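Residue-level structure breakdown
Here is what each chain is made of, one letter per residue.
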Amino acid sequence: MFGSGHSKPQNRIDSLIGAGTRIVGDVHFAGGLRVDGEIDGSIIASPGKPSTLVLSENAMVTGNVTVPHIITNGTIKGNVRAAERIELQPKAEISGDVYYKVIEMSLGAVINGNLLREAVEANKGTVTRLKSASEGS
């Protein structure tokens, strides 16, 4: 952290939406959230807090997802914005645009939409100029 602008993925699950559970409405969270059920609404992580969303192969989300880190093996019908990293496991299926900084996609994962890489922040606008070999020392 220390001003780097990057958050670390959560290694623990704070909340669970179990199989057989269906939520209608938006879900706002911080920390770790695992979804095994269905959500008809958007999933939004609290800004500025380290958060990770995990969708199992049984998970179904109908709405947009905005989180720093996401690991999915489920289905999303909506746009996904992963501010840091998205991992698509073999049974993942997304019908919508995916905005990402870093992406990992397993064989079998499906995206029906655009892949749009977010601009990586430069180091405070500074440019380091390297000397060429012909300039000498």
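Throughout what follows, the structure given in this document is the object of discussion.

Procedures and definitions
- Residues numbered from 1 in each chain as written.
- Predicted model: local features only at pLDDT ≥ 70, side-chain atom pairs only at ≥ 80, totals over all residues.
- Heavy atoms only, no water.
- Core = buried A, V, L, I, M, F, W, Y, C linked by side-chain atoms within 4.5 Å.
- Buried < 20%, exposed > 50% of the residue type's maximum accessible area, 1.4 Å probe, protein only.
- Helix = DSSP H or I, 4+ residues; strand = E, 2+ residues; numbered from the N terminus.
- Contact = heavy atoms within 4.5 Å.
- Pairing = 2+ DSSP bridges.
- Axes fitted to C-alpha atoms, helices over the stretch in contact; angles between N-to-C directions.
- Salt bridge = Lys/Arg side-chain N within 4 Å of Asp/Glu carboxyl O.

**What to know about the nonpolar core**
Where a protein is soluble and globular, its nonpolar side chains tend to be buried together. With 26 residues, the main nonpolar core has Leu53, Val65, Ile70 and Ile86 as its most contacted residues. Taken together, the elements giving at least two residues each to this core come down to strand E3 (27-29), strand E4 (31-35), strand E6 (43-45), strand E7 (51-55), strand E9 (65-72), strand E11 (80-88) and strand E13 (98-105). Counting residues per element, this core draws most heavily on E11, which supplies 4 residues. Leaving out residues up to four positions away in the same chain, Ile86 has contacts with Ile70, Val80, Ile94, Val98, Tyr100, Val102, Ile103 and Glu104.

**So, the sheet that holds strand E14 (residues 110-112)**
The strand order across the open sheet built from 6 strands is E2-E5-E8-E10-E12-E14, with neighbouring strands paired in parallel fashion. The open sheet terminates on both sides in strands that have one partner only, identified here as strand E2 (22-24) and E14. Shown here is a sheet whose adjacent strand axes are inclined to one another by a mean of 5 degrees, direction ignored. With 3 bridges connecting them, E2 and strand E5 (residues 38-40) associate as parallel partners.

**Observations concerning the pattern of salt bridges**
Tallied over the full model, the rule gives 9 salt bridges. The closest approach of N and O atoms between Asp40 and Arg22, which form a salt bridge, is 2.3 Å. Pair noted here: Asp40 is in strand E5 and Arg22 is in strand E2, with a separation of 18 residues, a long-range link. Under the relative-accessibility criterion, Asp40 is labelled partly exposed at 22%. By relative accessible area, Arg22 is classed as exposed at 54%. The closest approach of N and O atoms between Arg85 and Glu104, which form a salt bridge, is 2.4 Å. Residue Arg85 is found in strand E11, and its partner Glu104 is found in strand E13; the two are separated by 19 residues along the sequence.

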